[in-house]
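Next come the chains, spelled out residue by residue.
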Amino acid sequence: MVIAAIAGLLTMGSCKNESALELLTEKQEEVTGINQGLTKDGHRWLVFRDIKEFERTMEKLSSLGDNVSLDKWAAQNKGFTSWSAIADRDTIEGKKLQPIDLPDPLLSTVLNKDGRIQIADTIYQMDILKDTPVLYAFPARYENDLIKGIAPSGVKQVVTHKIGLTLMPFFPKWEETGRVEIPGPTVEVCDYPSSALIPWWGQKGDLIYTADNGAVLNKDNGRQVRVDYHRWRVGFIFYSSAGVRVKLQKDTRLGGWMPTIKMNSVNIQACSRGDVFIPGLLPVPYQAQVSASASNTNKIERTLKWAAAPFHVEVLPRNFNFKFNVNYKGQQISRYIRE
C-alpha cells in the first residue's frame, strides 16, 4: 500500500485543486511573514508549507509550458527574483554571474536568485563546494544567519547533499561530421530502438558551429555564432527531472558567450521512457513526450518528466529521443537523437 501511495504521488496529475496550486496573492502574506525584511534586502525566497504544496505548484508550472509564462508567474511574487531571471546573463567582463548551469526551467523558476527555497521547516540552498554544485539543507529557524551574511555552509546543523546537473551524456560522444544526413529519418520521435545504436545526425548533445550543409553559421556583427543543444537530467534530493534544451549564443569580445542573438524559428520534439526511483521502493515506470516551437527567441527548453518526493527521488531515463530544427538567418540546423 505504501508503494502504491508513492506511485500515485509520482505520477503527477491526480490533484486538480487550483486554489492550492499558486503561490501568489493568498500565499504572499505567509511568505512575507516568515521572511521578515528579506524583500527589502533582496533575499526573498519562496516558502512551501510541505512537499505536497511544492508538488502542486510544480504541477501548475508544468502546465504553463513556455518560459515567458513561467517568468510572468514568478514576477507575481512581489520582491522575488528567480534563478531563471538572471540565468542568461552569462558573463560580464569574462566573469560568470552564475557558476551553476541549472537546465530545468521549472526548478529555476521557484529557486530564488541565490538558489534558495524553503519546504516545510527546511531551507535549501544551492551553492558551489570545491567546484562541485551542492545543496545545503538546514532548519528554517536559522534563517537569520543567512540574513546576517553567514555562508550556507556555516549555518548551524547544516547538511550537505550532492546534486546532479547532467548534460547527457558525458560519454560516449560522436564527433560532428560537418554535414547531417539529408533527408533525415522519417520515424516518429517516440519510436525507440530495440537495441543500442549510434544516434542519427552526429553528437548526442553539444555545440554546433555549422548548418546542415556544412556552411559556417552566419556571424553576428563579426562575432562567431553557435547552437547549444542538450538533453539533461537534474537530481535535487526532493526533486528530479529530465528534459531538453536548444539555445543560440555568440562569442563576445569580453571572453564569453552571450545569448544576445535570436533564432528566426525553432521547434523541438522529445520522447522518453524510464523509471522514477526512490531508494527502498519499487521503481515507477514513466513515459513522457513533449513538443514545442517558438520564433524570434534565443532559447527553448522543456522539462519532459519531473517527480517530487519528501526524500531522495531520481528520474532515470532508459530511452531518450530528441530532435529539433532551427532556422537562423535562413540557415537550417537539425539533429535527431534516437537512443
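Description of the structure in this document. Every value quoted in this text rests on a predicted model; they were computed, and no experiment measured them.

### With respect to the overall build of the chain
Then comes step 1: A count of helical and extended segments in the chain gives eight helices and 17 strands.
Then comes step 2: Per-residue burial over the chain gives 52% buried out of 339 residues.
Then comes step 3: Within the chain, residue pairs in contact and separated by at least 24 positions form 68% of the contacts whose partners lie at least 6 positions apart.

### What about the sheet that holds strand β5 (residues 122-129)?
Then comes step 1: Taking strand neighbours across the sheet as the criterion, the five strands line up as β1-β4-β5-β6-β7 in an open arrangement whose pairing is mixed. In this open sheet, the two edge strands, each paired with only one partner strand, are β1 (47-48) and β7 (159-162).
Then comes step 2: In this structure, β5 lies alongside strand β6 (residues 132-139), joined through eight bridges in antiparallel fashion. Looking at the pairing, M126 lines up with L135 of β6.

### Comments concerning the pattern of salt bridges
Then comes step 1: Under the defined criterion, the tally for this structure stands at 13 salt bridges.
Then comes step 2: Between R245 and D101 there is a salt bridge whose closest N-O contact spans 2.9 Å. Of this pair, R245 sits in strand β11 (residues 239-251) while D101 is found in the loop between β3 (95-96) and α7 (107-110), placing the two residues 144 residues apart along the sequence.
Then comes step 3: Across the pair K329 and D220 runs a salt bridge whose closest N-O atoms are separated by 3.7 Å.

### Comments concerning the state of the cysteines
Then comes step 1: For the coordinates displayed, the defined rule picks out one disulfide.
Then comes step 2: With a sulfur-sulfur separation of 1.9 Å, C190 is cross-linked through a disulfide to C271. Around the S-S axis, the bridge from C190 to C271 shows a dihedral of about 95° and counts as right-handed. Of the two residues, C190 is situated in the loop between β8 (164-168) and β9 (206-208) and C271 in strand β13 (residues 263-277); the sequence distance between them amounts to 81 residues.
Then comes step 3: Overall, the relative accessible area of 0% leaves C271 in the buried class.

### Some thoughts on the packing of helix α4 (residues 51-64) against helix α5 (residues 67-75)
Then comes step 1: Closest axis-to-axis distance for the α4/α5 pair is 8 Å, and the angle between their directions is 140°. In terms of their interaxial angle, α4 and α5 are classed as oblique. Counting all contacts with α4, which are made through T57, L61 and L64, the residues of α5 involved are S69, L70 and W73.
Then comes step 2: Along the lines of polarity and charge, the residues of the contact of α4 with α5 split into four nonpolar, two polar and no charged.

### Here we look at the environment of L207
Then comes step 1: Inspection of the secondary structure assignment puts L207 in strand β9.
Then comes step 2: On the basis of relative accessibility, which here comes to 24%, the residue L207 falls in the partly exposed class.
Then comes step 3: In this structure L207 touches R226, V227 and D228, once residues within four positions along its chain are discounted.

### Some words on the sheet that holds strand β16 (residues 314-328)
Then comes step 1: Spatially, four strands are ordered β14-β13-β16-β17 in an open sheet, and the strand pairing comes out antiparallel. One side of each edge strand has no neighbouring strand; the edge strands of this open sheet are β14 (284-297) and β17 (331-337). Strand-to-strand twist in this sheet, taken as the mean axis angle between neighbours without regard to direction, amounts to 10°.
Then comes step 2: Pairing analysis gives seven bridges linking β16 to β17, with the strands arranged antiparallel. Looking at the pairing, Y328 lines up with Q331 of β17.

### Description of the nonpolar core
Then comes step 1: Membership of the largest hydrophobic core comes to 37 residues, with the highest contact counts inside it found for V246, I268, F322, F324, V326, Y328 and I333.
Then comes step 2: Mapped onto this core, the elements with two or more residues apiece are β10 (225-235), β11, β13, β14, β15 (299-308), β16 and β17.
Then comes step 3: At six residues, the largest contribution of residues to this core is made by β16.
Then comes step 4: Leaving out residues up to four positions away in the same chain, F322 has contacts with Y229, H230, R231, V244, R245, V246, I268, Q269, A270, R335, Y336 and I337.
Then comes step 5: By size, the runner-up hydrophobic cluster in this structure holds 32 residues, among which are F54, L102, L106 and I237.

Reading guide: rules and limits
- Per chain, residues are indexed from 1 in the order of the written sequence.
- Reporting in this predicted model follows two pLDDT cut-offs: at least 70 for local features of residues, and 80 or more for side-chain atom pairs to be given and counted; totals over whole chains, interfaces and linings ignore these cut-offs and use all residues.
- Neither water nor hydrogens contribute to the side-chain values; these are computed over all heavy atoms in the structure.
- Strands here are runs of E lasting at least two residues and helices are runs of H or I lasting at least four, both read from the DSSP assignment and numbered beginning at the N terminus.
- Exposed residues in this analysis have more than 50% of their type's maximum accessible area, buried residues have under 20%, and partly exposed residues fall in between, with area computed by a 1.4 Å probe over protein chains only.
- Residue contacts are counted whenever heavy atoms from the two residues lie within 4.5 Å of one another.
- Following DSSP output, two strands are said to pair if at least two bridges run between them.
- Whenever a carboxyl oxygen of Asp or Glu lies within 4 Å of a side-chain nitrogen of Lys or Arg, that contact is scored as a salt bridge.
- Cysteine sulfur atoms that come within 2.5 Å of each other are treated as a disulfide pair.
- Where helices are involved, their axes are fitted lines through C-alpha atoms of the stretch in contact, as for all axes, and angles between N-to-C directions lie from 0 to 180°.
- In what follows, roughly perpendicular refers to angles from 65 to 115 degrees, roughly parallel to angles under 35, roughly antiparallel to angles over 145, and oblique to any angle outside these ranges.
- Residues are grouped as follows: nonpolar covers Ala, Val, Leu, Ile, Met, Phe, Trp, Tyr, Cys and Pro; charged covers Asp, Glu, Lys and Arg; every other residue, Gly included, is treated as polar.
- The term nonpolar core refers to a set of buried residues drawn from Ala, Val, Leu, Ile, Met, Phe, Trp, Tyr and Cys, joined through side-chain atoms within 4.5 Å.

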